[in-house]
Structure formats: C-alpha cells, structure tokens
Amino acid sequence: MTDGIHVDEQLLGTYVTELGAIGETPDGMYRFVYDDAWQRARDTLLRWIDEAGLEGRVDAVGNVFGRLPGSGDGVVLTGSHVDTVPSGGKYDGALGVVGGLAALAALRAHGTPTRTLEVVALCEEESSRFPADFLGTRAMLGLVAADEPDRLRDRDGTTLAEAMRRAGLDPAAVATAERHDLRAFLELHIEQGRVLADEGVDVGLVEVIPGIAWETITVRGRQDHAGATPMDLRADALQAAAQMAREITLAVERAGRPAVATTGRWTVEPGQPSVVPGLARFSLDLRHPDLAVRDRLLDQVHRICADVARRHGVEVDVVRDKDEEPATMDSGLLEVCRDAAERCGASWRRMPSGAGHDSQLMASRVPTAMVFVPSVDGRSHTPAEYTSPADCARGASVLATALHRLAW
Ligand SMILES: [Zn+2]
C-alpha cells in the first residue's frame, strides 16, 4: 500500500461472511428481491450502516443507502446489487455493496467531503424472482413503468406490488425513488471470468459492458415415423438445428475472445423417442463489446442458418428477442480508478466486462466506471464463487481511493 486509502480487510471479511450467511443453503445462495432472506439482508445492512456512522435510508423500491453527507452539491454513489441468482455465490453483487460500505467507513475518518458519498445495495439485478431487470437502478433513473408493480408476477403468481407490500414498501410510491443528484457511479464487482486470475492482475478497469443479442431460431422439418422413414428421406428438424448450433459455435470460436455464443435453451417437438422431430427451437445469446463485430457475427449466424436449412431441406425462422447497445464506461472516471489502483500498489489492466451489470444502465445517465477483482477459477453464479479476502480488500481500497479523489 502506498498513499491509497486503506480498507480494513478484517471488517470487509466479516461483512462478506455474515451477508453470505443470509439466504445460504446447502445448494448455494438464494436471496431474491423482497423475500425473507432479502429483508434480513436489508436489516443487517442498515445496522452496519448505522454502526459505521453513516445515515441509513431505504427508498421506495427497497434500495438501501448509507450516506456520508458532504458540504456541497451532488452525490458520488457506489454499490452493487444484494439479490442473487438461484444457487448463487456470496460475492456477485454482495462484494460491491459491502466493499462500498467498508470504503465509506474508512473515508469517514477523512472529515467532511465536498460531495456527498453514498453506498447503495440495489434491490434487484438478477431477475431471479420477477422479470424486472435492474429494478433498483431503473427506479433511481425513473425508468419503472407505472403498471409494472401490478403486472409483473413471480412463479407463485405473487405480483411485484404484493411482494413489495409484504416487505413494508408502498408500490404506489415507486416514482419517488428517482434521483437527479448523482454525479458519478462506481461499482466494485467480481470479474466472474478468469482473465485477471490467469494473468495474475489485481484489478480490472472495465471499459465497456457488451450489449447482449438474443435470438430464437426455429427449425421446421417433417414429423415422421422413426421406424418406417429411411434416413435419406427425412427432414429432421433437430438434426438441422443441431448442425446450425454447431456451425454457429465454431464460427464464434474462430472469431476468438472476447466473442461468446451460447445456445442454452432447446425445445423439440413432439419430443417422442419414436417420432422424427418436426420442430426444433433453440436460443442464441451472442455478445461482443464491439457492436460492429457483434453484428457481423450475427450476419454470419443468419447465413449459416439459411445454408444448413437448404442442405437439410427444412425451413428456418430467426427472431431477435433482445438487442442491447454496449455501454461505454466514463473515460475520466476510468483514469481516476487507474490512478487509485497505482496509489494502492495494485496491478491493473483495462478490459471489457463479460457479464451484464447495473452499471450498464446507470452509464446511460451518470458517468460510471467499474472495478473488477479476480474470481478464483473464473467461477460465478455457483456456490463455488470465491475471491480471496486480500483481493476483496485491495479492490475496496482502490474504490475508496477513487471515491476520495471524487468527493474531496
Ligand atoms: Zn452481479
């Protein structure tokens, strides 16, 4: 450590362990927005915020804030999400929340900042319970539609509004969560991939969060008897779809890192052992931080589908379900983070994010940057997710040092 702000590794380790026990099961973390574990996490965070000498507050959608008031205008915000995926890990989202809290606890010793500092536990990022992508961030940006609380339902049929009321929140007040005073947002997060761990680099400075493209590819062949139809007379929809998926995967492998493609969901009809499939449908998730490269790859995907369909005598239909623009992080904030990394004696590299984050939405309104710390073996969205206490504390120290530069 050189002249950076030092975050207490032991305090941060305690936060990570104790927050990681809330919603923990033998099968990993289950902490979904507004459920019992989420409410206990909220209450625990409010207690820690109070103990750290910060002002605690919960907004209309359940975002939890800890505030270190400044003497002037504007707020510098840090934080991440507190909800998890099913069977998730203890670090995704959580580290950015408790790392931000430990950073503000360390910064409190430096007197009154010019700009107010806040740490936030965003209520929902993963859409594990409701199809409400980035609900906490959207509420802060005024992007929640008025009908969402009554329209969105979880698997049990509970509406978002009902779940909010059970957690002590008023769904009619969602609009009051909107903020106009944010000057910057910094998110500390685990990498969720293996670049930093493989290269032995301490922190990643995220330049861009790729836009995700989702397509549904439907192949229609001819449904026939599995015994009476010779192989040479078939139009097997699944065989054609499998060939398409294979050729798409090979094309993206040839494009090289950081292009990624996943065909994760499949439907086969009629789905009988004795019937040649008449229909096969699969999902494609394709990501690249450079929109032009991603779109060229999608063109290639469409050529592959048409070509394989012709060879197999089937019909193919491709529908775009999601088409996100990449989110570019603020270059000035990245410089602040780079300087902070050097002040903390941390090695760093610039990199794209693999995963999506609250920051991608925040960046549309507020100058935003992300700091990554290494994920052991690149594991994430699994109970095997792990980042060492030293790496967590180093990332939080870089965050604290950058926040100091921005707020004093
Ligand atoms: Zn996350």
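Definitions and cut-offs
- Residues numbered from 1 in each chain as written.
- Predicted model: local features only at pLDDT ≥ 70, side-chain atom pairs only at ≥ 80, totals over all residues.
- Heavy atoms only, no water.
- Domains from an automatic or database assignment.
- Contact = heavy atoms within 4.5 Å.
- Buried area = accessible area lost by both parts, 1.4 Å probe.
- Polar contact = N/O pair within 3.5 Å; in protein donor to acceptor, adjacent residues only side chain to side chain.
- UniProt positions renumbered as here; feature names shortened; annotations may be inferred.
- 1 Å grid on protein atoms, 1.4 Å probe; cavity = no way out; pocket = protein on both sides within 12 Å on 5 of 7 lines; lining within 4 Å.
- Helix = DSSP H or I, 4+ residues; strand = E, 2+ residues; numbered from the N terminus.
- Buried < 20%, exposed > 50% of the residue type's maximum accessible area, 1.4 Å probe, protein only.
- Core = buried A, V, L, I, M, F, W, Y, C linked by side-chain atoms within 4.5 Å.
- Points joined across faces, edges and corners; volume = space filled by probe spheres on them.
- Nonpolar A, V, L, I, M, F, W, Y, C, P; charged D, E, K, R; others polar.
- Axes fitted to C-alpha atoms, helices over the stretch in contact; angles between N-to-C directions.
- Parallel < 35°, antiparallel > 145°, perpendicular 65-115°, else oblique.
- Left-handed = near helix turned anticlockwise from the far one by under 90°.
- Phe/Tyr/Trp six-rings, centres within 6.5 Å; stacked < 30°, edge-to-face > 60°.
- Lys NZ or Arg CZ within 6 Å of the ring centre and 35° of its normal.
- Donors = N, O, S within 2.8 Å, 3.2 Å for Na, K, Ca; no water.

### Quick word on the domain arrangement of the protein
One can read the domain layout of the protein as domain 1 (9-209 + 326-407) and domain 2 (211-323). Placing a centre on the C-alpha atoms of domain 1 and another on those of domain 2 gives a separation of 36 Å. Each side of the interface is counted separately: domain 1 has eight residues, and domain 2 has six residues. Between domain 1 and domain 2 lies a buried interface of about 500 Å² when both sides are counted; carbon and sulfur atoms form 59% of it. Counting every contact that joins domain 1 to domain 2 gives zero residue pairs in polar contact (both at pLDDT 80 or more).

### Section: the UniProt feature "binding site: Zn(2+) 2" (unreviewed entry) in the protein
Following the UniProt record, the feature "binding site: Zn(2+) 2" (unreviewed entry) maps to D92, E126 and H381 here. For the residues just named, distributed over 290 residues, the greatest C-alpha separation is only 10.3 Å, placing them together at one site. When only the residues just named are considered, the largest pocket is lined by H381. Within the secondary structure layout, E126 lies in the loop between β6 (116-122) and α4 (135-140). Classification of E126 by relative accessible area gives buried; the value is 18%. Positionally, H381 belongs in the loop between β18 (368-373) and α12 (389-407). The contacts of H381, once residues within four sequence positions are left out, are V85, S87, G88, D92, E126 and Q192. A distance of 3.5 Å separates the side chain of H381 from the side chain of E126, its partner in a polar contact.

### Thoughts on the nonpolar core
Of all hydrophobic cores here, the largest spans 78 residues; its most connected members are Y34, L186 and L403. If sequence neighbours within four positions are ignored, L186 has contacts with L77, T78, G79, L333, C337, A369, L399, A402, L403 and L406. I217, A240, A241 and L284 belong to the second largest nonpolar core, which has 25 residues in total.

### Concerning the layout of surface pockets
Considering only enclosed or pocket space, the largest pocket measures out at about 980 Å³ in volume. What lines the largest pocket is a set of 33 residues, and nearest its centre among them are P258, V260, R287, G354 and A355. Counting only elements with at least two residues in the lining of the largest pocket, the list comes to α7 (195-199), β9 (211-220), β11 (260-262), β14 (279-288) and β17 (348-352). With five residues, β14 is the largest single contributor of residues to the lining of the largest pocket. Partitioning the lining of the largest pocket into residue classes produces 11 nonpolar, 11 polar and 11 charged. Domain assignment of the residues forming the lining of the largest pocket places at least three in each of domain 1 (9-209 + 326-407) and domain 2 (211-323). Lining the second largest pocket we find 20 residues, and of these E125, E126, I212, R287 and K322 sit closest to its centre. Each of domain 1 (9-209 + 326-407) and domain 2 (211-323) contributes no fewer than three residues to the lining of the second largest pocket.

### Here's the deal with the packing of helix α2 (residues 36-51) against helix α3 (residues 94-107)
Contact geometry of α2 with α3 gives a least axis separation of 10 Å together with a crossing angle of 15 degrees. Between α2 and α3, the crossing angle belongs to the class labelled roughly parallel. Crossing of α2 over α3 shows right-handed handedness. When α2 is examined against α3, the residues L45, W48 and I49 are found in contact with a partner set consisting of V97, V98 and L101. Here the residues of the contact of α2 with α3 sort into six nonpolar, no polar and no charged.

### Some points on the packing of aromatic side chains
The final tally for this structure, using the stated rule, is five aromatic pairs. Aromatic side chains Y34 and W38 sit 5.1 Å apart centroid to centroid with 80 degrees between the ring planes, which places their arrangement in the edge-to-face category. As far as the burial class goes, Y34 and W38 line up, both buried. A ring pair is formed by W266 and F282, whose centres lie 4.6 Å apart and whose planes are at 15 degrees; its orientation type is stacked. Taken as a pair, W266 in strand β12 (residues 266-269) and F282 in strand β14 lie far apart in primary sequence, 16 residues in all. Residue F282 is classed as buried on the basis of its relative accessible area of 1%. For R57, the ring lying beneath its charged end belongs to F65, and the centroid distance is 4.6 Å. Directly above the ring of F65 sits R179, whose terminal nitrogen or CZ lies 5.3 Å from the centroid.

### Some remarks on the coordination of the zinc ion
Distances from the zinc ion to its protein donors, namely H81 (NE2), D92 (OD) and H189 (NE2), fall within the range 2.0 to 2.2 Å. On the primary sequence, the residues serving as donors to the zinc ion are separated as H-x10-D-x96-H. A residue pair is termed long-range when its members are at least 10 positions apart, and H81 in strand β5 (residues 75-81) and D92 in the loop between β5 and α3 qualify at 11 residues. Exposure remark for D92: the relative accessible area of 6% places this residue in the buried category.

### What to know about empty space enclosed by the protein
All chains considered together, the criterion is met by one cavity of 30 Å³ or more. In this structure, the largest cavity encloses a volume near 40 Å³. The wall of the largest cavity is formed by L45, I49, V64, V97, L101, V119, V120 and A121. For the lining of the largest cavity, the secondary structure elements donating two or more residues are α2, α3 and β6. Take the lining of the largest cavity: its biggest share by element is three residues, from β6. When the residues that make up the lining of the largest cavity are grouped by side-chain class, the tally is eight nonpolar, no polar and no charged.

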